[in-house]
Amino acid sequence: MTTPAKTRRREPTITSEYADELREVVRGLAADAAEEDPAGEAPGPALWERLAELGMTRLDIPEAAGGSGGTFDDLLALTHALARHAVTTPVTESATADWCLASGASRLTGTVTLALLPTDITEPGADGTITAQLPAVPWASGAHTLLLVPAAEAAGAHEAGPWTVDLEGPGVTRRPSAPALCGTPYEAVDLTAAPVTALPPGAPSPARIRARLALLRSAALLGAAEGAYELTAAHVSQREQFGAPLLKIPAVAAHLATMRVHLLQAEAALTHARDTYRADTSTATPVRLTAAAATARITAATTATEVARSAHQLHGALGITAEYPLHRYTRRLWAWRDTPVPQQAETAALGRLAVAAGEATLWDVLTAPAPN
């Protein structure tokens, strides 16, 4: 088995009050998970159960509501750390769904996952039901409740939702679906006049939910990209050709530098979106928040594509072997860049938002700093 070379790790890009402690816990849990699943083919339930026992699956949720306290920055740091160790968990979907329920409901119970509705469905029918086909709902097999969020393309001036549906209730049919490249389990969920329940007043708006999802997915993409970059930097620094490290070849050094630039771009976009997200809602308008979150997600997805491509080019045949860990990162990069919304669809939606907002608003969004 080929062991990757070691290199100096980049400084953490996402910080919070408890980020160092969270990273240390994740490092230990990831090492245990790697022993159980050396190939990194599928997420193990034991790891998620351990995270839940430690209270790490409900960060940024008040303890009175069944959460663990902490901040959104803590959740971002956890998501980033898990991805940096090439670990797949339902933290993005589950933590977001739990946060929504805790914001407008009573104490949390059970397991919840989340899905975006098709763009042609903006609200339930007059009878309070929804009929829709959801071909790939992540982590549905272990959930009891599904949170339904309108898609960005369906957004209007006054969005309805979100709603919950009982996955064991009437009008719900579940079928196995092919897992993603990163091993995320999916189920196809067909809703046929399925009764849904609107969240009570005080629950987050669909736009804020989508922004939160975008930020968490961006953090995961950044973490996995950093992991792939570190492996590549170590490889070209220690692997020799013609009596010198590969890094001494100008073309190789240029590839590595380009990967680093993409990482910095993704980090900057995520930092701006995070600052916009956590600003007072009266300052961070829906257009500004949506634009910042979408930009972070698109930039992270672009980084995923470029980093994965360069990493495999610089590793050569070694990078595609099952024994070498590069595929654990690149498979996640390829899968996550189009989840829950494909990168191309996200880019098109951002373009439509810019056109609808008008020239003055677009200029303000592009030039004004993130609100405090």
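Presented here is an overview of the structure given in this document. (Residues numbered from 1 in each chain as written. Predicted model: local features only at pLDDT ≥ 70, side-chain atom pairs only at ≥ 80, totals over all residues. Heavy atoms only, no water.)

1. Section: the pattern of salt bridges
Logical step 1: Throughout the structure, instances matching the rule amount to 18 salt bridges.
Logical step 2: Put simply, glutamate 168 and arginine 174 hold a salt bridge, and the shortest N to O gap is 2.9 Å.
Logical step 3: A residue is classified by how much of its surface remains accessible, and glutamate 168, at 58% relative accessible area, is exposed.
Logical step 4: In this structure, aspartate 275 engages arginine 274 in a salt bridge whose closest nitrogen and oxygen atoms are separated by 3.0 Å. (Salt bridge = Lys/Arg side-chain N within 4 Å of Asp/Glu carboxyl O. Buried < 20%, exposed > 50% of the residue type's maximum accessible area, 1.4 Å probe, protein only.)

2. Brief notes about the pairing of strand E1 (residues 112-116)
Logical step 1: With 4 of 5 residues buried, E1 lies mostly within the body of the structure.
Logical step 2: Judged from the 5 bridges that link them, E1 and strand E3 (residues 145-149) form a sheet pairing that is parallel. By the bridge assignment, leucine 114 is partnered in E3 with leucine 147. (Helix = DSSP H or I, 4+ residues; strand = E, 2+ residues; numbered from the N terminus. Pairing = 2+ DSSP bridges.)

3. Considering the environment of arginine 27
Logical step 1: Considering the arrangement of structural elements, one finds arginine 27 in helix H1 (residues 19-36).
Logical step 2: For arginine 27, a relative accessible area of 35% corresponds to the partly exposed category.
Logical step 3: For the pair arginine 27 and histidine 85, spaced 58 residues apart in sequence, the C-alpha to C-alpha distance is 7.3 Å.

4. As for the nonpolar core
Logical step 1: Formed by 80 residues in total, the largest nonpolar core has its most connected members in Leu75, Leu78, Leu147, Leu215, Leu333 and Trp336.
Logical step 2: In contact with tryptophan 336, other than residues within four places in its own chain, are Ala83, Val87, Thr88, Cys182, Arg217, Ala220, Leu221, Ala224 and Arg297. (Core = buried A, V, L, I, M, F, W, Y, C linked by side-chain atoms within 4.5 Å. Contact = heavy atoms within 4.5 Å.)

The values are spatial; any link to function lies outside them.
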